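The chain contents come next:
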Amino acid sequence: MVTDEVKLPLLITGDGSLTFFSTEFGQAFHNLSGAAQEALEKFVRPCRLEQLVLERDPSHPIHILDICFGLGYNSGVALETLWQIRPGFPVQVIGLERSPQVPQQAWQAGVGSTWSFCREWQQFIEQGSWQSERWQGQLLWGDARQTLLQVPLAWADAVFLDPFSPSACPELWTVEFLQAVAERMRPQGYLATYSCAASVRAALLEAGLRLGSTPPLGRPWPGTVASPQGEDLPPLSQMEGEHLKTRAAVPYRDPTLCGERSQIRLRRQQEQQRSSLEPTSAWKRRWQQLQVVHPESSSS
Ligand SMILES: C[S@@+](CC[C@H](N)C(=O)[O-])C[C@H]1O[C@@H](n2cnc3c(N)ncnc32)[C@H](O)[C@@H]1O
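Only a predicted model underlies this, so the values are computations on that prediction, with no experimental measurement involved. (Residues numbered from 1 in each chain as written. Predicted model: local features only at pLDDT ≥ 70, side-chain atom pairs only at ≥ 80, totals over all residues.)

Colleague: What is the right way to look at unusual backbone geometry in this model?
Modeller: Note: most residues except glycine have negative phi, and most peptide bonds are trans. Notably, cysteine 68 is not glycine yet its phi reads approximately 75°, a positive angle. Note that cysteine 68 resides in the loop between strand S4 (62-67) and helix H3 (73-85). Positive phi is not limited to glycine here, since aspartate 232 has a value of about 60°. Its location among the elements puts aspartate 232 in the loop between strand S11 (223-227) and helix H9 (238-243). In this structure aspartate 232 comes out as exposed when scored by C-beta crowding, with 8 C-beta atoms within 10 Å. (Helix = DSSP H or I, 4+ residues; strand = E, 2+ residues; numbered from the N terminus. Buried ≥ 20, exposed ≤ 12 C-beta atoms within 10 Å, placed from the backbone.)

Colleague: It is not clear to me how the site of the ligand should be interpreted in this structure. Could you clarify?
Modeller: The local shell around the ligand holds 22 residues, among which Cys68, Gly70, Leu71, Tyr73 and Ala144 are the closest. Each residue belonging to the shell around the ligand can be placed in one class, and the counts come to 13 nonpolar, 4 polar and 5 charged. (Near = placed C-beta within 6 Å. Nonpolar A, V, L, I, M, F, W, Y, C, P; charged D, E, K, R; others polar.)

Colleague: What exactly am I supposed to notice about the environment of proline 235 here?
Modeller: Here proline 235 lies in the loop between S11 and H9. Here the alpha-carbon distance between proline 235 and serine 213, two residues 22 residues apart in the chain, equals 6.1 Å. For proline 235, the residues in contact, after removing those within four places along its chain, are Gly212 and Ser213. (Contact = placed C-beta atoms within 7 Å.)

Colleague: When you look at the sheet that holds S11 in this model, what are you seeing that I'm missing?
Modeller: Sheet strands pair by backbone hydrogen bonding; their relative direction is either parallel or antiparallel. A sheet is described by the order of its strands in space; here 8 strands give the open sequence S6-S7-S5-S4-S8-S9-S11-S10, paired in mixed fashion. Two strands close off the open sheet at either side, each with one partner strand: strand S6 (129-131) and strand S10 (210-214). On average, adjacent strands in this sheet sit at an angle of 15° to one another, irrespective of strand direction. Sheet analysis places S10 next to S11, joined by 5 bridges and oriented antiparallel. Across the sheet, residue threonine 214 finds its bridge partner in S11, namely glycine 223. The sheet contacts of H3 involve S4, strand S5 (91-97), strand S7 (135-141) and strand S8 (156-161), and relative to S4 the element is tilted by about 155°. (Pairing = 2+ DSSP bridges. Axes fitted to C-alpha atoms, helices over the stretch in contact; angles between N-to-C directions.)

Colleague: Any chance you could explain the pairing of S5 here in plain terms?
Modeller: A regular strand carries its side chains on alternate faces of the sheet. Burial analysis of S5 places 6 of its 7 residues in the buried class, which makes it a mostly covered element. Pairing analysis gives 6 bridges linking S4 to S5, with the strands arranged parallel. Pairing of isoleucine 64 across the sheet is with valine 93, part of S5. The handedness of the S4 to S5 crossover, carried by H3, is right-handed. As paired elements, S5 and S7 share 7 bridges and run parallel to each other. When the bridges of S7 are listed, glutamine 92 appears paired with glutamine 136. (Right-handed = clockwise from strand over helix to strand, strands pointing away.)

Colleague: Would you mind going over the nonpolar core with me for this structure?
Modeller: If you look at the biggest cluster of nonpolar residues, it comprises 68 residues, and the most contacted ones within it are Val159 and Leu191. If near-sequence neighbours (up to four positions away) are discounted, leucine 191 is found in contact with Val159, Leu161, Val181, Met185, Leu209, Val225, Ala226 and Ser227. (Core = buried A, V, L, I, M, F, W, Y, C linked by C-beta atoms within 7 Å.)

Colleague: Mind showing me how you'd approach the sheet that holds strand S2 (residues 18-22) here?
Modeller: Within the open sheet, the 3 strands sit side by side as S1-S2-S3. Their pairing is antiparallel. Edge positions in the sheet fall to strand S1 (10-12) and strand S3 (27-28), since each of these pairs with one other strand and no more. Looking at chain direction, S1 and S2 are connected through 3 bridges and run antiparallel. The residue of S2 that forms the bridge with leucine 10 is phenylalanine 20.

The values reported here are purely geometric and, on their own, carry no functional implication.
And the structure:
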């Protein structure tokens, strides 16, 4: 597998925060409207961390599982947000990331330098772990499909699910991977992702999670929040509900959790060809007069 070994091309996003461009995946690491803003609005808020820190007894640290840690914005913005509300509240972070050079180059480029805990963050990024009274962090390097298995069961209050897009990185959006993620969530925990692809939502449902929609940010379509037992999830619209009854909702599958990307894509295509679900083009025609339809849906 090709990895981003060399210096990653740097981009400045709309809110002034930095991101990288991945030549391997052909995508920026963030929505160009704002990397830091995306972390807050697409990940921290949908996981309801601001409410949780007000309600939780400090003898029970908040547990954050950051899948595809990348530059570290999601965890960093979460810590900054939580401690603005309740300074020093205990937090534990586990980050899963394939390439140590991504957070290390991000730190060198200045990501995290304005956070109140920036010196601690630097050590966390450079050593891959941090331990103090108020927070503990561990970065597990490697393919998240394997490193996830080191995360304790029923552990996470919040899961940030932030891989590259499903078509570019299908191995981290499969039913089997998301089942393993769901097993690591507390019953009242929340998972947030920027994706609203029907394949992803169908996989989350098959993994036993309930679904909700998160507000659009920097693009016309929403993100997704999911939970084993959490309540009051913002309901999907009629258009989104109907999307889940089309062939776009055939999920990616990876029964061994180590399949090749090309194999995972091919398996889905074959399942779509056999599927009796409505072709996505028919759904798209029904809705395109009224709304902007998500491009991930156009493939089938
Ligand atoms: C969209 S970026 C994540 C951005 C990040 N959440 C942030 O706030 O900066 C996707 C990340 O997934 C990592 N990645 C790609 N494939 C992976 C895999 N199989 N396991 C773990 N990490 C992976 C990439 O190195 C990249 O850092």
